[in-house]
Amino acid sequence: MAESASISSQGRETRRRINLPPDLSSSSGPLTEELQCSICLDVFNDPVSTSCGHNFCKTCLNKCWDNSQTCSCPCCKETFKHRPDLKTNTTLRELVDHYKKSCFPEKTTEVRKETDVLCDICEERKQKALKSCLVCQSSYCETHLERHLRVAGLKKHKLINPVSNLEEYICPKHERPLELFCRDDQTCVCPMCDVTDHKNHNTVSIEEESEEKKSQLMKTQKGVQQIIQDRIMKIQDIKHSSEVRKRNTEKQKAARVELFTDLIRSIERCQTELLEMMEEQQKAAEKQEEELIEELEQEITELKMRNTELEELSHTEDHLHLLQTYSSLCSPRNTRNWSEISMKTDESLETLRKALTQLQDTLQEKLTLTELKRMQQYAVDVTLDPDTAHPKLILSDDGKQVRCGDIKQKLPDNPERFDQCICVLGKERFSSGRFYFEVQVKEKTDWDLGVARESIIRKGTITPTPSNGYWIVGLWNEYIAFADPPVSLSLSVKPQRVGVFVDYEEGLVSFYDVESSSHIYSFTGQSFNDKLCPYFCPGPNNGGKNSTPLIITPVSYNK
């Protein structure tokens with residue numbers, strides 16, 4: 001009981017000395033007991049932890065030990081052999097600050113002002129300290145600081161801006177001001193440490209080391225500021241990408257709605273046509289059935305009449321009449337073989353199959369058209385690169401057409417130029433993203449086109465496959481995709497204009513017949529690790545049979 005009274009008494013005195021608002025100590029908010037110092041009975045102020053695991057206000061615990069011959073924990077009474085060097089428990093302090101701001105927002109400013117360092121000499125109303133003396137280990141207001149500015153012996157004392165934790169500025173071993181910094185051990189020391197434990201170490205004044213650290217801090221700060229700017233730019237990039245993606249998503253959603261609306265209309269139209277066809281077939285079958293029934297009924301009438309005549313003839317006594325009419329009544333009649341005639345009771349599966357095939361073709365056409373329209377959004381302007389063209393190739397002035405001549409031109413044999421393969425590359429290089437271009441192949445009997453790696457070999461015989469850096473399709477007597485191995489293409493119509501689409505990251509190269517909006521071929525799952533160039537080969541002239549040029553055409557968007 002005595003110990004408890006003593007601690008409480010010390011708490012009240014400490015509260016009075018640091019002038020905390022009384023309502024904090026009487027608070028009953030959440031965590032109040034957990035965040036309460038057992039000495040001052042108030043919420044922690046600059047909390048510290050002992051090795052035994054208990055927490056106290058730093059000022060409270062120091063005052064308690066200053067008034068005691070031993071250093072022991074006020075709670076569990078564990079005695080410490082040496083007075084511990086108290087360090088602020090930053091985690092607990094942050095929790096306390098958060099608690100005070102949450103529970104007493106109106107007191108935050110007031111508490112901050114009232115916890116300013118106060119003069120240790122003032123007895124009644126304590127004034128705000130102006131300076132703290134590291135030698136005297138006390139803080140002084142303007143009035144009580146006067147002796148340090150006047151008395152010769154006190155003038156030598158080291159004065160600093162007022163601090164409440166003066167003990168942290170004093171060497172715990174020699175009780176001298178920490179005026180030096182040991183760069184070897186990266187710690188603050190006093191002059192006695194400099195000649196004992198840190199003898200022959202690299203020591204400098206605290207002011208000098210502080211200036212050095214400030215210089216380093218400025219460099220670090222610049223680096224941090226640059227990182228902040230980089231992060232801000234990254235946020236802006238992400239936001240911009242998000243906005244672009246959102247707009248693209250809305251466009252794609254609208255396109256998908258339009259697509260599925262068209263598909264639904266196509267299905268409904270196909271359904272209507274199929275039902276109309278079934279209805280017409282039903283009417284035709286009913287008409288045929290009525291005609292057959294009418295024919296059968298007529299035949300039955302005739303047979304009944306004949307049966308009557310035969311019955312009468314069989315009972316006649318007129319022998320001559322019987323012999324005269326026998327041949328006509330008993331001879332076979334030319335009637336239909338009704339055993340061969342049967343009526344269908346189910347709808348023809350062939351009709352349904354044809355309808356479904358037609359619907360499938362319609363849906364595939366619409367899907368491909370939609371896919372092609374999406375590809376065309378990535379159209380780029382492609383121009384032929386004359387520095388890469390084989391000497392036989394003739395390029396138009398605008399770099400949009402290429403055909404093969406009969407004679408090699410005298411051109412510089414630069415490393416970029418093809419010397420055997422009759423082809424040319426586009427000037428443009430692509431190392432990311434998506435791009436699309438269209439080439440007219442109308443009236444040509446030999447051609448190939450696509451994309452190629454910038455680093456492909458230009459000299460000697462070339463095998464145009466993906467493993468060698470080529471992704472192309474062409475017409476060599478038949479339509480071929482130059483894969484590994486080559487793939488023969490079965491095309492329903494002869495392409496007049498070919499669209500080439502590349503998705504670099506996806507590893508995709510696709511070819512489309514633009515006029516019929518049909519898919520020709522796709523290289524999928526490719527790995528691009530180099531720049532890609534458009535590739536064109538108009539094929540040999542063949543005595544004028546293949547003289548029509550390949551033409552890079554502007555993209556005319558499909559509707």
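Structure: see above.
**Q** What is the right way to look at the overall build of the protein chain in this model?
**A** The helix and strand inventory of the protein chain stands at 11 helices and 23 strands. In the protein chain, buried positions account for 35% of the 559 residues. Taking as baseline every contact in the protein chain between residues at least 6 positions apart, the subset at least 24 positions apart corresponds to 58%.

**Q** Explain the sheet that holds strand β5 (residues 131–133) here, please?
**A** What holds strands together in a sheet is hydrogen bonding between their backbones, with the strands either parallel or antiparallel. Taken in spatial order, the 3 strands of this open sheet run β6-β5-β7, and their pairing is antiparallel. Lying at the two open borders of the sheet, with one neighbouring strand each, are β6 (138–140) and β7 (159–160). Looking at chain direction, β5 and β6 are connected through 3 bridges and run antiparallel. Counted as the bridge partner of Ser132 is Ser139 from β6.

**Q** Even after reading the chapter, I still don't get the pattern of salt bridges, so can you show me in this structure?
**A** Two side chains carrying opposite charge are able to pair once their charged atoms lie near each other. For the structure on display, the rule yields 18 salt bridges. The salt bridge partner of Glu207 is Lys158, with a shortest N-O separation of 3.0 Å. Here the residue Glu207 occupies a position in helix α9 (residues 206–314), and Lys158 occupies one in the loop between α7 (152–155) and β7, the gap between them amounting to 49 residues. Judged by relative accessible area, Lys158 falls into the partly exposed class, the value being 26%. In this structure, Glu209 engages Lys213 in a salt bridge whose closest nitrogen and oxygen atoms are separated by 2.2 Å. Taken together, the positions of Glu209 and Lys213, both in helix α9 and 4 residues apart, correspond to about one turn of that helix. Residue classification places Lys213 among the partly exposed positions, given a relative accessible area of 31%. Linked by salt bridges that have partners in common, Arg183, Glu209 and Lys213 make up one network.

**Q** Can you help me understand the state of the cysteines in this one?
**A** Put plainly, a disulfide is one covalent bond tying together the sulfur atoms of two cysteines. Inspection of every chain in the model, using the stated rule, returns 0 disulfides. Residue Cys37 stays outside any disulfide, its sulfur separated by 3.9 Å from that of Cys40, the closest cysteine. On the accessibility criterion, Cys37 (0% relative accessible area) is buried.

**Q** Any chance you could explain the packing of α9 against helix α10 (residues 319–330) here in plain terms?
**A** In a pair of packed helices, the angle between the axes and the distance between the axes together describe the arrangement. Across the interface, α9 lies against α10 with an axial gap of 11 Å and an inter-helix angle of 155°. By the angle class used here, α9 and α10 are roughly antiparallel. Crossing angle aside, the handedness with which α9 passes α10 is left-handed. Residues Arg306, Glu309, Leu310 and Leu313 of α9 lie in contact with α10, whose contacting residues are His321, Leu322, Thr325, Tyr326, Leu329 and Cys330. When its residues are assigned to classes, the contact of α9 with α10 shows 6 nonpolar, 2 polar and 2 charged.

**Q** I'm lost on the pairing of strand β15 (residues 446–453) in this one. Help?
**A** Along any regular strand, the residues point their side chains to alternate faces of the sheet. Counting buried residues along β15, 7 of its 8 residues qualify, which places the element largely inside the surrounding structure. Direction of pairing for β15 relative to strand β16 (residues 470–476): antiparallel, over a ladder of 7 bridges. Residue pairing in the sheet places Asp448 in a bridge with Gly474 of β16.

What counts and how
- Residues numbered from 1 in each chain as written.
- Predicted model: local features only at pLDDT ≥ 70, side-chain atom pairs only at ≥ 80, totals over all residues.
- Heavy atoms only, no water.
- Helix = DSSP H or I, 4+ residues; strand = E, 2+ residues; numbered from the N terminus.
- Buried < 20%, exposed > 50% of the residue type's maximum accessible area, 1.4 Å probe, protein only.
- Contact = heavy atoms within 4.5 Å.
- Pairing = 2+ DSSP bridges.
- Salt bridge = Lys/Arg side-chain N within 4 Å of Asp/Glu carboxyl O.
- Disulfide = S-S within 2.5 Å.
- Axes fitted to C-alpha atoms, helices over the stretch in contact; angles between N-to-C directions.
- Parallel < 35°, antiparallel > 145°, perpendicular 65-115°, else oblique.
- Left-handed = near helix turned anticlockwise from the far one by under 90°.
- Nonpolar A, V, L, I, M, F, W, Y, C, P; charged D, E, K, R; others polar.

Without other data, these values stay purely geometric and don't point to any function.
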